[in-house]
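Architecture at a glance
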Amino acid sequence: MRVYRAKDYKDMSRKAANIISAQIILKPNSVLGLATGSTPIGTYSQLVDWYKKGDLDFSEVTSVNLDEYKGLPGTNEQSYYYFMHQHLFDQVNIQERHTHLPNGMEPDSKKECERYEELIRSLGGVDLQLLGMGHNGHIGFNEPGQAFETGTHCVDLQESTIEANKRFFASSADVPRQAYTMGIKTIMQAKKILVVVSGEDKAEIVKKAFFGPVIPGVPASILQMHNDVILVGDEAALSLI
Ligand SMILES: N[C@@H]1[C@@H](O)[C@H](O)[C@@H](COP(=O)(O)O)O[C@@H]1O
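Definitions and cut-offs
Residues numbered from 1 in each chain as written. Predicted model: local features only at pLDDT ≥ 70, side-chain atom pairs only at ≥ 80, totals over all residues. Heavy atoms only, no water. Near = heavy atom within 4 Å. Polar contact = N/O pair within 3.5 Å; in protein donor to acceptor, adjacent residues only side chain to side chain. Areas by Shrake-Rupley, 256 points an atom, 1.4 Å probe, with all protein chains shown as cover. Nonpolar A, V, L, I, M, F, W, Y, C, P; charged D, E, K, R; others polar. Pairing = 2+ DSSP bridges. Helix = DSSP H or I, 4+ residues; strand = E, 2+ residues; numbered from the N terminus. Axes fitted to C-alpha atoms, helices over the stretch in contact; angles between N-to-C directions. Contact = heavy atoms within 4.5 Å. UniProt positions renumbered as here; feature names shortened; annotations may be inferred. Phe/Tyr/Trp six-rings, centres within 6.5 Å; stacked < 30°, edge-to-face > 60°.

Let us look at the site of the ligand. Neighbouring residues of the ligand: 14 residues in total, closest Ser 38, Thr 39, Asp 67, His 138 and Lys 202. Within the contact set of the ligand, an oxygen atom lies 2.8 Å away from a side-chain nitrogen or oxygen of His 138. Starting from 390 Å² of accessible surface for the ligand in isolation, the protein chains cover 95%. Partitioning the shell around the ligand into residue classes produces three nonpolar, eight polar and three charged.

Before going further, it helps to examine the sheet that holds strand β8 (residues 178–181). Overall, antiparallel pairing links the three strands, which are arranged β4-β8-β7 in an open sheet. Each edge of the open sheet carries a strand with a single partner, namely β4 (67–69) and β7 (153–156). On average, each strand axis in the sheet is inclined to that of its neighbour by 25°, with strand direction left out of account. Two strands pair when backbone bridges link them, and β7 and β8 are joined in this way by four bridges, in the antiparallel orientation. When the bridges of β8 are listed, Cys 154 appears paired with Tyr 180.

A word on the environment of Gly 217. Relative to the assigned elements, Gly 217 resides in the loop between α7 (203–211) and β10 (229–234). In this structure, the C-alpha to C-alpha distance between Gly 217 and Lys 27, residues 190 residues apart in sequence, is 36 Å. With residues up to four places along the chain from it excluded, the contact list for Gly 217 reads Asn 136, Pro 144 and Gly 145.

Now for the UniProt feature "domain: Glucosamine/galactosamine-6-phosphate isomerase" (unreviewed entry) in the chain. According to UniProt, the positions carrying the feature "domain: Glucosamine/galactosamine-6-phosphate isomerase" (unreviewed entry) are residues 14–227. Here residues 14–227 is 32% helix and 14% strand, with 23 Å between the C-alpha atoms at its ends.

The next point concerns the packing of aromatic side chains. Scanning the model with the defined rule gives six aromatic pairs in all. Ring geometry for Tyr 51 against Phe 58: centres 6.4 Å apart, planes inclined by 70°, an arrangement best described as edge-to-face. Every member of this aromatic cluster is reached through a ring pair, and the members are Tyr 69, Tyr 80, Phe 141 and Phe 169.

Rendered as structure tokens:
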């Protein structure tokens with residue numbers, strides 16, 4: 001694992017965007033695994049900026065997102081579909097048909113998870129997977145305790161995750177209780193993984209995930225077993241390592 005220390009959130013975003021940008025320049029038809037959450041917003045905005053300056057071209061890029069709330073339509077502002085269109089897809093020249101997320105409106109979990117897993121396989125896998133990390137070490141929506149070997153599946157969100165994400169909803173009662181997410185196995189199959197972390201509140205989990213034992217209780221700890229992981233964090237998030 002390589003660790004890039006950034007001085008603040010802006011610097012972290014620029015460093016992460018640089019890595020994604022290099023990926024696209026070296027392989028214009030890359031399959032990017034994308035993430036939501038507040039941490040990668042600055043990374044997306046930096047990519048949009050470079051695109052607008054003419055330095056990046058997304059026309060051949062394909063994207064597959066990590067996860068989506070079950071039961072939220074793409075028109076809902078809290079859906080990850082909406083988030084991705086707002087922060088990236090609508091602002092660059094990626095082709096809509098090349099952008100993929102789990103379909104939160106598919107009620108049949110088995111059917112949707114199989115479709116998504118098959119889609120990723122048919123694309124030849126993910127070249128670069130961007131990840132944020134929850135306070136309990138979740139990646140995507142893989143909550144602590146789940147088996148490392150799962151593919152895309154439907155999860156019951158933990159109370160702490162619902163609490164953390166309620167800031168985006170009117171109340172915690174409005175936060176969906178389930179989500180579709182790529183599994184740990186799906187994530188680990190990506191050729192390269194880029195993790196972004198920011199803020200003092202992530203320092204403890206960063207230490208546990210990257211320097212503690214590899215255990216299902218800390219889902220992100222499995223990343224220690226991947227042979228091409230880059231961790232980009234700001235001073236605060238990396239303060240304990
Ligand atoms: N499903 C997403 C994760 O992919 C993300 O990593 C996490 C942390 O979000 P933030 O970056 O806002 O701390 O939030 C959500 O639960």
